[in-house]
Amino acid sequence: MEWVCTSCGFTRGLFEEYYWKCPRCGKPLSIRYSVRGEILSSRNTWERYRGFIPFMPEKTRGEGLTPIVAEKYSPHTLLFKLEYMNPGGSFKDRGSALAVYYGYKMGFEKTVVDTSGNTGISVALYSKLYGLESMIIMPRTAPLGKRKAVSRIGGKVVEAEDRLAASSIVEKYISDGDVYYVAHLWNPLYIIGHATMVYEVYEEYGVPDYVFAPVGSGGLILALAYGFEKLLEQGLTKKLPRLIGVQGYSCQPVYEVLHGKRIEGEDSSLADGIMVYNPPRVKEIAEKIDRSHGEVVLVGNSEIQSSLEELWQNGFLVEPTSATVYAAYKKIKNEIPGDATILLVLTGSGLKTL
Ligand SMILES: [Zn+2]
């Protein structure tokens, strides 16, 4: 198991030292480890997919193995993956379960992360499980319910004016030393952890033709690409899905890289979880979407709001960011063949945003 930089060739043992980015060239790192495509019969997602992850976390709160609900939306059958049913109410728990455990094993006593919300809840939750103190840097604009959840779990909420202020607060904590900067936008353990949702989909429905996912930091879409590629490499499938990334008109960095231009449209700030202006892996994200013959679909507040209401009234109690995938599906459904299998990842619970 080792850190690998695909940009400059840097490598180092995974448990020798922690790097949140390449110490030589500053690019995001990957982790190299041996993958075995066997799936065990366990109700613990980490045991079940042991062959697909570099190490097993010691503790679990039942993250993963979330339900998939199939619903007919003529002419398609949509598969909704209910990631909001994870312990902290979002898919981020899959990544945090691995990443926070890693920090604990490396002997850190404190964690710090800058986040708009869901990652904060999840880092606070797993930090608490391992007896680590957590500092969660959140913008003032983060939903109150998310900030309250962090405090209730036992994390310390540090309010930042904006993203820039948040990163200087993070730097201060890091320079004080002995603090594990979880760096979920960079940390490959988030990609590896989130990818377990792919193996679950594969077990129940095989590989879908289309996968819709919101793109903020891009950790989710990269994880989807990663998981399906692992299935391919292991000979478990011959096809890969088209990845449809969803962004808002107000913040469309991946669309810009993919198409070399912006599209002006309605404000999309309702989807606070995907307001990430500078995702560090933006090129990689655009490349994965492009290579899958996918697309980035842009949505605005009125589409998000109406999709959110429709989802709630259909029993899917998600947050606005998660509703973007349904809004995007409705926008391009006429371009999708009627017999296609379509997966929509419902990322986060709406009960935190009421
Ligand atoms: Zn490097």
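Given the structure is predicted, the values throughout are model-derived calculations rather than measurements.

(A) Representation of the overall build of the protein in the model. Within the protein, the regular secondary structure consists of 12 helices and 13 strands. In terms of C-alpha radius of gyration, the protein reaches 19 Å, essentially the compact-globule figure of 20 Å for 354 residues. Seen through its C-alpha atoms, the protein measures out along the principal axes to roughly 55 × 45 × 40 Å. Counting every position in the protein, which comprises 354 residues, the buried fraction comes to 51%. Looking at the protein alone, contacts between residues at least 24 apart form 70% of all its contacts between residues at least 6 apart.

(B) A look at helix α8 (residues 219–233). Helix length check: α8 (15 residues) gives 21 Å between terminal C-alpha atoms against 21 Å at 1.5 Å per residue, within 8%. Judged by how many residues are buried, α8 sits mostly within the fold: 11 of 15 residues are covered. For α8, every residue scored as buried is listed here: Gly 219, Leu 220, Ile 221, Leu 222, Ala 223, Leu 224, Ala 225, Gly 227, Phe 228, Lys 230 and Leu 231. Where α8 terminates, the next one or two residues include Gly 235, which has phi positive at roughly 75°.

(C) Inspection of the packing of helix α11 (residues 301–313) against helix α12 (residues 320–332) at higher detail. Contact pair α11 / α12: the axes reach a minimum separation of 8 Å and the direction vectors enclose 100°. As summarised for this structure, α11 and α12 are arranged roughly perpendicular, according to the angle between their axes. On α12, the residues that touch Glu 303, Ile 304, Ser 307, Leu 308 and Leu 311 of α11 are Pro 320, Ala 323, Thr 324, Tyr 326, Ala 327 and Lys 330.

(D) Layout of the domain arrangement of the protein. Domain parsing of the protein yields domain 1 (1–34), domain 2 (68–91 + 189–352) and domain 3 (92–188). Computed from C-alpha atoms alone, the centre-to-centre distance between domain 1 and domain 2 is 28 Å.

(E) Structural context of the pairing of strand β10 (residues 210–214). Most of β10 is tucked away, with 5 of its 5 residues classed as buried. The two faces of β10 match: Tyr 210, Phe 212 and Pro 214 on one face and Val 211 and Ala 213 on the other face are all buried. Inspection of the sheet shows β10 paired to strand β11 (residues 242–248) by 5 bridges, in the parallel sense. Pairing of Ala 213 across the sheet is with Gly 245, part of β11. Considered for its hand, the β-α-β crossover made up of β10, α8 and β11 is right-handed.

(F) Summary view of the pairing of strand β5 (residues 76–82). Note: strand β4 (residues 68–73) against β5, 6 bridges, orientation antiparallel. Note on β5: the bridge partner recorded for Lys 72 is Thr 77. Between the end of β4 and the start of β5, which pair antiparallel, lie 2 residues.

(G) Region of the structure containing the nonpolar core. With 101 residues, the main nonpolar core has Phe 212, Ala 213, Ile 221, Leu 224 and Leu 344 as its most contacted residues. Considering each element in turn, this core owes the most residues, 8 residues, to α8. Each of two domains, domain 2 (68–91 + 189–352) and domain 3 (92–188), supplies a minimum of three residues to this core. Not counting residues within four places of it along the chain, the set of residues in contact with Leu 344 comprises Leu 78, Leu 79, Phe 80, Phe 212, Val 325, Tyr 326 and Tyr 329.

Thresholds applied
- Residues numbered from 1 in each chain as written.
- Predicted model: local features only at pLDDT ≥ 70, side-chain atom pairs only at ≥ 80, totals over all residues.
- Helix = DSSP H or I, 4+ residues; strand = E, 2+ residues; numbered from the N terminus.
- Rg over C-alpha atoms; globule rule 2.2 N^0.38 Å.
- Buried ≥ 20, exposed ≤ 12 C-beta atoms within 10 Å, placed from the backbone.
- Contact = placed C-beta atoms within 7 Å.
- Expected span 1.5 Å × (residues − 1).
- Axes fitted to C-alpha atoms, helices over the stretch in contact; angles between N-to-C directions.
- Parallel < 35°, antiparallel > 145°, perpendicular 65-115°, else oblique.
- Domains from an automatic or database assignment.
- Pairing = 2+ DSSP bridges.
- Right-handed = clockwise from strand over helix to strand, strands pointing away.
- Core = buried A, V, L, I, M, F, W, Y, C linked by C-beta atoms within 7 Å.

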